[in-house]
Amino acid sequence: MKKIFKYFVVILFFGAVSLACTSRYNQQSGTIERKHNFDFNWQFALGDYPNAEQVSFEDTFWRNLDLPHDWSIEGEIAPDNPTGNDGGYFPAGIGWYRKSFDVPKEWEDKKISIYFEGVYMNSEVFVNGVSLGDHPYGYTSFNYDLTPYINYGKKNLIAVRVDNSQQKNCRWYSGSGIYRHVWLIVNSPVCFDHWGIAISTPKITEESATVEVKTLVKNETNQKQNIDVVTVISNASNESVEKYQFNVDLEPNSEKELTHDILVERPLLWSPEAPNLYSAKSIIKQETRITDEVVTTFGIRSINYSAEGGFKLNGKTIKLNGGCVHHDNGILGAAAYDRAEERKVELLKAAGFNAVRTSHNPPSEAFLDACDRLGLLVIDESFDGWRVAKDPTPHDYSTIFDEWWQRDLEAMVLRDRNHPSIVMWSSGNEIMERTSPEAVETAHMLNSYIRKLDPTRPVTSAMTSWGQGWEIFDPLMAEHDICGYNYMMHESVSDHERVPSRVIVQTESYPKDAFYNWKMVKEHDYIIGDFVWTAMDYLGESSIGRYYYPGDPEDQHWERDHYPWHGAYCGDIDLIGWRKPVSHYRNLLWNDSEKIYMAVREPNPESGAIKTTMWAVWPTWESWNWPGFEGKEIQVEVYSKYPKVQLYLNDKLIGEKPTGIEQEYMATFSLPYSRGALKAIGVDGKKEMESTVLKTAGEPSKIRLIADRTEINANGQDLSFVTIEIIDSEGNRVPDASNELKFSIEGEGVIVGVGNANLKDENPYVGDHCKVWKGRAQVVVKSTRKSGEINLTVNSSELPASKQLIRTVEGGM
């Protein structure tokens, strides 16, 4: 077959409309803040309450809380909860939220709207007893105009009914409630449309970038309006680098899209290694009065992709070392605190990933902002399925697809199109109707609409076979710019021979196949990356990644319930953020930041062999504590980028082995267990380059607290993640410790999450106690809105109490 290559070029200059902090107008003009945080002082009740939308409804005895809020994580897991294994056995149900607020008399000439970043799910919003509408999908953002129903100079009421009672509706833990931010937006009737600013660049050179700014402006008055539209571009130091202004007339009750170009000299490009950001301030002026102002954060970068050239960022070939993540934040459930979302990106970057797939839904804005700021490439995914329901979830997106697909794609693309981190859109995942001709038509419909909304990025979706054949999907693949393969890397070479123009990215892979997938990506230009399932452990899809012992049931996670498993153990990073050995191995393959690492394979018990399920790797630990195995053979794995490694036990050489590419950068040593110090040394020639040590820990002696941040913002939402370790008298973590912990807190903070990485532990994640697992646990502390000190105390029987001081300071949201 004659090889025909297609080359695709996309040049981008993207920004995200700033939603994390309130924009302020020119104080001299007397204008009002555009954006008001609406997260605080809500009343909440679990259950359905007739007439709860009415102003006269009595909610005095409801619970007062702040957002974000996930009521499912507050409940107890139980085998009879309707979410079942897919939802992690957490409770769901119906809940109501109510919030009273004042609207000043001077706002009478303003347009007032409310913006929800995410509510799971089937929400109905009311203002002063009037229904504004329903929004079924729990992962897209939405807004409503409040203006016709507002009582100016008086109290007003927002009420939200959230219905997550129709189970099952999701194949993983969804959470329940208003789990992302809410904002009150106050505009002049002459303003920018919601998500109405888009920035791109048709040309980038080393000397300059041509910035194309599109703004959708609205005139919601009955009179013709003359306005000036101003764009001011500033660098990271907030220094203005360029400005453009032009005049336009707007007809009564109309909107108009305006386009103008700005030249930025010597642009600093955005990349994972150097995530340089700019800001664009878009202003509407009428004479000297500012009627609207929006700040957009953006980055300048270009992407190209082709089968023969691979994936290029700013003209340089880059391979995507990616991981799939769900939206939950571990022991915090679905609550999308800004700091939790930022920490997630920090953990992914620290583990060596340069890309993430937001499986299988659009993420929070805070997550994407962190990806922009810290430098992480993103595949932004819309939904898990199309018109046909997936077997375990009869109430999934298929029930609303025909009515809502267009609005939900708009919510994803228009909201997210300005993020420089996003390099691909995904229109679906393993859709059930994939063998039918109708699937090709649906793919064409979805992908064409995405390209209409944003012609600057490629579109993919994740496809697989599961025994249905593979070439049958060629027409479906052809509807995508880049073809997503789930667990089908082994077909890629023959696919390239059959369809040489196809650009391939493996959108899901088994953790155990890390070396094979890395090598395939490395050796073939037309394979641009691999995304492991998953980068992080998550709640729900219970027991995927499970390993098990003699006597345990042998079924895969979808074949039967494995309660009390209530989460997925297939991640490189565990539920509380600790990197597993497979994470270090993957990072060593893809990067040079780690060159040697050592872990110990858990030995088989006397009763038989440990077994692993499809998404599992062998249980391997940073531990040289194996009581009961004295004198018995234990296997030690050393991952190394050095040509050879040597292993010592108590300063005695056990052996030396090569660790080159032929050995998959790994050496396994078998030796009889005895207490002491295990040391691995990386060797190049005759020179010892680097070493790593595991020591046998003694009896538990102390509680060690490690706060990721000891100073946080006093904004009522900032977090400190505190790791608890049980250590011996020499400071070594005791890897088999399982102590009960009791937490208490004083000062300007509250505890919002407790737990460990054991996905079989039935203790609740909200409370004042938990158990240690493998010597570790975690407590998450949230600030109040007062500056001061937080004093956290952790107790465990027979160990001295440990204290952690955290300071809260003014600043933030």
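Above this text is the structure in question.
The shown structure was predicted, so the numbers you read here are calculated from the model rather than taken from an experiment. (Residues numbered from 1 in each chain as written. Predicted model: local features only at pLDDT ≥ 70, side-chain atom pairs only at ≥ 80, totals over all residues. Heavy atoms only, no water.)

Digging into the overall build of the protein
Selection criterion: Secondary structure elements follow DSSP: runs of H or I of four or more residues count as helices, runs of E of two or more count as strands, with numbering from the N terminus. Restricting the calculation to C-alpha atoms gives the radius of gyration, and the globule rule supplies 2.2 Å times the number of residues raised to the power 0.38. The buried label applies to any residue whose accessible area, calculated with a 1.4 Å probe on protein chains only, is under 20% of its type's maximum; exposed applies above 50%, and partly exposed to all values in between. Only the protein chains shown count as cover for residues, with accessible areas throughout obtained via the Shrake-Rupley method and a probe of 1.4 Å. A positive count includes Lys and Arg, and a negative count includes Asp and Glu. His and the chain ends are not counted in either. To locate a charge, the coordinates of NZ of Lys, CZ of Arg, CG of Asp or CD of Glu are taken.
A tally of helices and strands in the protein yields 8 helices and 49 strands. Relative to the globule expectation of 28 Å for 813 residues, the C-alpha radius of gyration of the protein, 27 Å, shows essentially globular dimensions. On the principal axes, the C-alpha backbone points of the protein span a range of 90 × 70 × 50 Å. Out of the 813 residues in the protein, the part that is buried amounts to 62%. On the protein, roughly 30,900 Å² of surface is accessible, and the fraction owed to carbon and sulfur atoms is 47%. The centroid of the 84 positive side-chain charges in the protein is displaced by 4 Å from the centroid of its 116 negative side-chain charges.

Re the packing of aromatic side chains
This is how it is decided: Centre distance within 6.5 Å is the pairing criterion for rings of Phe, Tyr and Trp, where only the six-membered ring of Trp is used; planes under 30 degrees apart are then read as stacked, over 60 as edge-to-face, and the remainder as tilted.
For the structure on display, the rule yields 45 aromatic pairs. An angle of 70° between the planes, with centres 6.5 Å apart, marks the rings of Y547 and W621 as edge-to-face. Of the two residues, Y547 sits in strand β30 (residues 547-548) while W621 sits in strand β34 (residues 620-621), which places them 74 residues apart along the sequence. Comparing Y547 with W621 shows no difference in burial state: the two are buried. An aromatic cluster is defined as three or more aromatic residues linked by ring pairs; in this entry it consists of Y120, Y137, Y139, W172, F383, Y397 and F401.

Notes on the pairing of strand β24 (residues 422-429)
Keep this limit in mind: In this analysis, strands are considered paired if DSSP registers two or more bridges between them. With the strands aimed away from the viewer, a crossover counts as right-handed if its path from the first strand over the helix to the second runs clockwise.
Most of β24 sits inside the fold, with 8 of its 8 residues counted as buried. In the sheet, strand β23 (residues 377-381) pairs with β24 via 4 bridges, with the strands oriented parallel. By the bridge assignment for β24, E381 is matched with S426. As a crossover connection, the stretch from β23 through helix α3 (residues 401-416) into β24 is right-handed. Where β24 meets strand β25 (residues 459-463), 3 bridges bridge the pair, whose relative direction is parallel. In the strand pairing of β25, S426 is matched with T460.

A word on the nonpolar core
Quick reminder of the rule: In plain words, nonpolar cores are sets of buried Ala, Val, Leu, Ile, Met, Phe, Trp, Tyr and Cys residues tied together by side-chain atoms within 4.5 Å. Contact criterion: two residues are considered in contact whenever any of their non-hydrogen atoms come within 4.5 Å of each other.
Ranked by size, the top nonpolar core spans 144 residues in total, and within it F311, L348, F383, W624, V636 and L678 carry the most contacts. Contacts of V636, omitting those with residues within four sequence positions, involve M598, A599, V600, W624, L647, A667, T668, F669, L671 and L678. Of all hydrophobic cores here, the second largest spans 30 residues; its members include I32, F116, V119 and V125.

So, the pairing of strand β47 (residues 776-783)
With 8 of 8 residues buried, β47 is to be regarded as a mostly interior element. Neither face of β47 is open: one carries R776, Q778, V780 and K782, the other A777, V779, V781 and S783, and all of them are buried. Sheet topology places strand β43 (residues 719-727) next to β47; 7 bridges connect them, and they run antiparallel. In the strand pairing of β47, L719 is matched with K782. Two elements, strand β45 (residues 749-755) and β47, share 6 bridges in a ladder whose sense is antiparallel. Counterpart to G749 in the pairing with β47 is S783.

Points about the sheet that holds strand β12 (residues 190-204)
Short version of the rule: Axis geometry follows a simple rule: fit a line to the C-alpha atoms, using only the stretch in contact for helices, then measure angles between N-to-C directions, giving values from 0 to 180 degrees.
Here we have 3 strands laid out as an open sheet, ordered β12-β13-β16, and antiparallel in their pairing. Of all the strands in the sheet, the pair left with one neighbour each is β12 and β16 (254-265). Taken pair by pair, the neighbouring strands of this sheet meet at an average axis angle of 20°, ignoring direction. As paired strands, strand β13 (residues 208-219) and β16 are joined by 12 bridges and run antiparallel to one another. Opposite V211, over in β16, you have I262 as the bridge partner.

Brief notes about the sheet that holds strand β35 (residues 633-640)
The sheet built from 4 strands is open, its strands ordered β34-β32-β35-β38 with antiparallel pairing. For this open sheet the edge positions go to β34 and β38 (666-672), each flanked by a neighbour on one side alone.

Looking at the pattern of salt bridges
Condition: Salt bridge, as used here, is a side-chain nitrogen of Lys or Arg placed within 4 Å of a carboxyl oxygen of Asp or Glu.
The tally for this structure, following the rule as stated, stands at 48 salt bridges. One salt bridge in this structure joins E471 and R498, with 3.8 Å as the shortest N-O distance. With E471 in the loop between β25 and α5 (474-477) and R498 in helix α6 (residues 492-498), this residue pair connects regions lying 27 residues apart in the sequence. You can call E471 exposed: its relative accessible area is 51%.

Quick look at unusual backbone geometry
In this structure, the amide linkage connecting L67 to the following residue, P68, adopts the cis form with an omega of 0°. Along the polypeptide, P68 turns up in the loop between β4 (63-65) and β5 (93-102). With an omega of -15°, the peptide bond between Y120 and M121 qualifies as cis. Among the secondary structure elements, M121 is positioned in the loop between β6 (111-116) and β7 (123-127). Notably, E541 is not glycine yet its phi reads approximately 45°, a positive angle. On the secondary structure map, E541 appears in the loop between β29 (538-539) and β30.

What to know about helix α8 (residues 581-590)
Among the 10 residues of α8, 10 are classified as buried, and the element is accordingly described as predominantly covered. Residues of α8 that are buried: P581, V582, S583, H584, Y585, R586, N587, L588, L589 and W590.

A few points about the side chain of D372
This is how it is decided: Distance and chemistry together define a polar contact, namely a pair of N or O atoms within 3.5 Å, with one atom able to donate a hydrogen and the other to accept it when in protein, and with adjacent residues in sequence counting only for side-chain atoms on both sides.
If you trace the backbone, D372 turns up in helix α2 (residues 365-374). No salt bridge is formed by the buried D372; the nearest opposite charge belongs to R457, separated by 7.4 Å. Engagement of the side chain of D372 in a polar contact is seen with the side chain of S421, the distance being 2.7 Å.

Remarks on the environment of Y585
Topologically, Y585 is positioned in helix α8. On the basis of relative accessible area, Y585 is assigned to the buried category, the value being 7%. For Y585 and S640, which are 55 residues apart along the polypeptide, the C-alpha to C-alpha distance reads 8.5 Å. Residue contacts for Y585: discarding those within four places in its chain leaves A514, F515, Y639, E664, Y665 and M666.

Fair warning: the whole summary comes from geometry, so function is off the table for now.
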